[in-house]
Structures are given as structure tokens and as C-alpha cells.
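Understanding the architecture of this molecule
If you want the building blocks of each chain, they are given just below.
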Amino acid sequence: MFLVLDTLWIGNRIRELRISRGLTQQEFAKKMNVSFQAFSAWERAIAPPDLGNLVEISSFFGVLLDDLVKNRGEKLVLGVDGGGTKTEFVLASYDGTVVERFTRACSNPNDLGMEKALKTCKELGIDGIIAIGGDGTFRGATDLSAHGIPTIGVTGTIDNDITATDYAVGFDTAMNTVCEMIDRLRDTCESHARCNVSEVMGRWAGHIALRVGIASGASAIAIAEIPFDEEAAIKKIIRQRDNGKRSFIVVVSEGLPGYAEQLAKKIDATTKELGPKYWVETKFARLAHVQRGGTPTLKDRLLASEMGVAAINYLFEGKSDIVICKVDGQIGCKNIQDALKVDRMFKKKMKEPEYDALSAEDKAWMEARCAKVLDDMKRLYTIANEIS
């Protein structure tokens, strides 16, 4: 049985309740006996808690379950697998009151969406689809290909977290937007002799933080992929203040949920203990979703044009179920499943049975690709430390 909930509402409600108790994400995740990553995903509306967690949360805060999963008049879908070739679905309100029952000849609720997509393609005479996005988009694209709709993916995500490509459309624009925002923060830091710890987007990837940190002259950069020496970073800021530096920028990837705010408090408190001469008043800024918009840069426009032309040409050649990538300056393609697999390998989400099932050839190129991406991040991280 599954429950489709208003994930954004639940995330906001959990955050309100947690803050009202004065708890950090880490503290509350520990009380709920769940991983910090899972709890962060709940609050950020990336994934909802399961029903058991919801009951536990409502009990902890002393609120009714219906106050936690308020549906604002919308119906929620409860599904019950009937077995065989048919599935029974139940439309119900969040309190479990059955509103309607119906049966479909499909194995899961996602097939209902696929049925609708296929019907739409037929009605509109759509012969092929170019799907622009990230891993979620590509999973949908490969499903469409499997159902006979030629589909090609174009990597488009500001996070640049598609391991199969060096650059995704939107990445350069986001970096330029963030760089401009941090430059503005730098002005205030300079005039007030402060430090600003800026949390930037990127989901679980540190590509934006790493490159923007270098470009903005950050004193320190913290990303999930490379261990961060907090003590060394604070000592560096103290040395820089002793040498007369007035403004400090620290860039933290959102792949370290909640850490930027903690670090800002730590820098402020540690330097304050040393007296007025070394105190670096430190503020925290979450740059948030403004990073996802704006006028595309020239580089992104060129990349989108290159990938778009390649995608159309591949469609005319009769190809499908591939994703357009740019590696070492060259536009090419990868099978979508291969792109998703190498992505899981790099993000350490690939489970042992899946890894064991790979051919020796696939293991070789995927491991080489993962090593190349990580080595490049380490190279840039070294440059960042040398500059700062």
C-alpha cells in the first residue's frame, strides 16, 4: 500500500515544529532514529516520510496526524495491488475514508501516467521526444523509449550532477548568478569587516560551490565529495585577519545540509573568544532558488544549441534511449541506462548486485569516468586552497 501526500506541506510543517522545539536537523533525525540525509530530504520536500514516520513525528510533537498531513481538500491516492494483470486503486481522503474504487490493467500507478503520455503522443502525432533534464527526466525518457516513443535526453541541470557529461545546460548560468550574488555579499563583508558563509545549490554535488568558491576568492570551500578540515579553515581566517584582511567568504554546498549555518556560528564564536582584534563577525546566507533562474549565459546557449542539434540528428538517424553528453569538448551520447548506472556508481548509490552484474568492459569505463570526475574536483580543490 502506498500513500501520495502533499510533500511540500509536510516538509514545511515538520520544519516549523522542529524549530519550535529548538532542535537542529541532526538532533531531530537522531530522535526519530533516521539518517540525517533522510530527514533533510523530508524538510526539503525531496521525499516524504513513510506513514510510520509520520505517526511517530505527530506523537513526538503532540499534534494530530491530520494536522501533519493536511491535504487542503485534495484527494489522496491509496493503491492496493490486486495481483495478476490488474491493480485495484482506491481514491481516499487522508483520514482513510474511501471515495471511489477503480481497476486498471496495469502493474503500478506509474503505468497510469505512461498510459496518458502515450495517448497524448498519439493524439498530437508526436513521433519523438527530446527530454531536457537530469536523472529523473532520463528515467522517464527511457520508459517512453521502451513503449515505442523514440526519446533522447539532453543533460540540463544547474547541479551538473550527471556523471556522464562534463557540462549540463544551465550549470554555467547558475555559476555566474551565484558568483554575482557572492560579489554583492563581498561588498558588505568588506565595509563591515565580516565573513559570510554562503550555502549554494547543487543538490548532493559540489560542482557549483567548488568553482564559484575559486572564482569569488573564498577563504574556504566545503563540499560533500572531499573531506573538509574545519579547524584548518578557521585558523586560516584568523591568520588572514591578523594580516589585515577585512572581508571573508566561505562557500558551502547544500550537499552538506545544515552545515553552512553551523559553520558560520562556529567561525563567529571561535574568533570572538580571541578578542576584538581577531573577532570576525560572521553571517550566514542561503542563496536558494534564485540560483535556478536568470538570463542564460553565452556558454549555456552554445551548449544547448550543440546538444539540441545532436539530439535532432540522432532522432533522424533512428536512435533512441540515449542521452547527449559533452566530454573533453566533444558532443556524443551514452545509453540512458548506462548514464544512470555510472551516476549511481559515482554517487555511491550502486548496490553490490548491480555492480556484479556489470560486464568487465562497463566496469572499466564507468570506474574510469568516476575517477576522472573526482580527480578533477580534487585538482580544483587544491587550486582553491592554494589561492586562498
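Preceding block: the structure.
Reading guide: rules and limits
Residues numbered from 1 in each chain as written. Predicted model: local features only at pLDDT ≥ 70, side-chain atom pairs only at ≥ 80, totals over all residues. Heavy atoms only, no water. Helix = DSSP H or I, 4+ residues; strand = E, 2+ residues; numbered from the N terminus. Buried < 20%, exposed > 50% of the residue type's maximum accessible area, 1.4 Å probe, protein only. Contact = heavy atoms within 4.5 Å. Areas by Shrake-Rupley, 256 points an atom, 1.4 Å probe, with all protein chains shown as cover. 1 Å grid on protein atoms, 1.4 Å probe; cavity = no way out; pocket = protein on both sides within 12 Å on 5 of 7 lines; lining within 4 Å. Points joined across faces, edges and corners; volume = space filled by probe spheres on them. Nonpolar A, V, L, I, M, F, W, Y, C, P; charged D, E, K, R; others polar. Polar contact = N/O pair within 3.5 Å; in protein donor to acceptor, adjacent residues only side chain to side chain. Phe/Tyr/Trp six-rings, centres within 6.5 Å; stacked < 30°, edge-to-face > 60°. Core = buried A, V, L, I, M, F, W, Y, C linked by side-chain atoms within 4.5 Å. Axes fitted to C-alpha atoms, helices over the stretch in contact; angles between N-to-C directions. Parallel < 35°, antiparallel > 145°, perpendicular 65-115°, else oblique. Left-handed = near helix turned anticlockwise from the far one by under 90°.

**A word on the overall build of the protein**
For the protein, the count of helices and strands is 15 helices and 12 strands. The buried share among the 388 residues of the protein stands at 43%. Look at the contacts in the protein between residues 6 or more apart in sequence, and 62% of them connect residues 24 or more apart. Entry remark: accessible area of the protein is about 20100 Å², with carbon and sulfur atoms responsible for 54%.

**What to know about the layout of surface pockets**
As a volume, the largest pocket reaches approximately 1200 Å³. Contributing to the lining of the largest pocket are 44 residues, with Arg-44, Glu-199, Glu-254, Arg-286 and His-289 lying nearest its centre. Broken down by secondary-structure element, the contributors of at least two residues to the lining of the largest pocket are helix H1 (7-20), helix H2 (25-31), helix H3 (36-43), helix H8 (171-192), strand S7 (194-200) and helix H11 (259-272). Across the lining of the largest pocket, the residue classes break down as 13 nonpolar, 16 polar and 15 charged. In this model, the second largest pocket occupies a volume close to 1000 Å³. Surrounding the second largest pocket, 40 residues form its lining, Trp-204, Ala-205, Glu-225, Phe-346 and Lys-347 being those nearest its centre. Secondary-structure elements contributing two or more residues to the lining of the second largest pocket are H3, helix H7 (135-146), helix H9 (207-215), helix H13 (336-346) and helix H15 (360-387). Here the lining of the second largest pocket gets 8 residues from one element, more than from any other, and that element is H15. The residue inventory of the lining of the second largest pocket, partitioned by class, reads 18 nonpolar, 7 polar and 15 charged.

**Some words on H13**
Every α-helix carries 3.6 residues per turn, so stepping three or four residues along brings you back to the same face. With respect to burial, H13 is a largely interior element, 8 of its 11 residues being buried. Those residues of H13 that fall on the buried side of the exposure criterion are Ile-336, Asp-338, Ala-339, Leu-340, Val-342, Asp-343, Met-345 and Phe-346. In this structure, the buried residues of H13 make contact with H7, strand S11 (322-327), strand S12 (330-335), helix H14 (352-357) and H15. N-capping of H13 is provided by Asn-335, with a side-chain oxygen placed 2.8 Å from the backbone N of Gln-337. Immediately beyond the C-terminal end of H13, within one or two residues, lies Lys-348, with a positive phi of roughly 60°.

**A look at unusual backbone geometry**
Its identity is not glycine, yet Asn-33 carries a phi of approximately 60°, on the positive side. A relative accessible area of 69% means that Asn-33 is categorised as exposed. Despite not being glycine, Arg-203 has its phi angle at roughly 55°, a positive value. Relative to the helices and strands, Arg-203 resides in the loop between S7 and H9. In this structure Arg-203 comes out as partly exposed when scored by relative accessible area, which is 28%.

**Structural notes on the packing of aromatic side chains**
Aromatic ring pairs are described here by two measures, namely the spacing of the ring centres and the angle between the planes. The tally for this structure, following the rule as stated, stands at 3 aromatic pairs. Pairing Phe-28 with Phe-39 gives two aromatic rings, centres 5.1 Å apart and planes at 70°, and the pair type is edge-to-face. Taken together, the residues span a long stretch of sequence, with Phe-28 in helix H2 and Phe-39 in helix H3 at a distance of 11 residues. The residues Phe-28 and Phe-39 share a single accessibility class, namely buried. Here Tyr-167 and Phe-171 contribute two aromatic rings whose centre-to-centre distance is 5.8 Å and whose plane-to-plane angle is 45°, an arrangement assigned as tilted. Looking at Tyr-167, the relative accessible area reads 27%, which means it is partly exposed. Among the residues examined, Phe-171 registers a relative accessible area of 0% and is labelled buried.

**A word on the nonpolar core**
With 45 residues, the main nonpolar core has Ile-208, Ile-221 and Ile-223 as its most contacted residues. Listing elements by their share of this core, those giving two or more residues are H7, H8, H9, strand S9 (248-253), S11, H13 and H15. Aside from chain neighbours lying at most four places away, what touches Ile-223 is Gly-206, Ala-209, Leu-210, Ser-253, Leu-256, Met-377 and Tyr-381. The next biggest cluster of nonpolar side chains, apart from the first, holds 17 residues, and it includes Ala-233, Ile-238, Leu-263 and Ala-264.

**Focus: the side chain of Asn-160**
Mapped onto the elements, Asn-160 comes out in the loop between strand S6 (151-155) and H8. Separated by 3.0 Å, the side chain of Asn-160 and the backbone oxygen of Asp-166 make a polar contact. When neighbours within four sequence positions are excluded, Asn-160 is seen to be in contact with Asp-166, Tyr-167, Ala-168, Phe-171 and His-207.

**Quick word on the packing of H9 against H15**
How two helices pack is summed up by the angle between their axes together with the distance between the axes. Closest axis-to-axis distance for the H9/H15 pair is 9 Å, and the angle between their directions is 30°. Taken together, the axes of H9 and H15 lie roughly parallel to each other. In the packing of H9 onto H15, the handedness of the crossing is left-handed. The residues of H15 that touch H9, namely those facing His-207, Leu-210, Arg-211 and Ile-214, are Val-373, Asp-376, Met-377, Leu-380, Tyr-381, Ile-383, Ala-384 and Ile-387. Tallied by class, residues from the contact of H9 with H15 come to 9 nonpolar, 1 polar and 2 charged.

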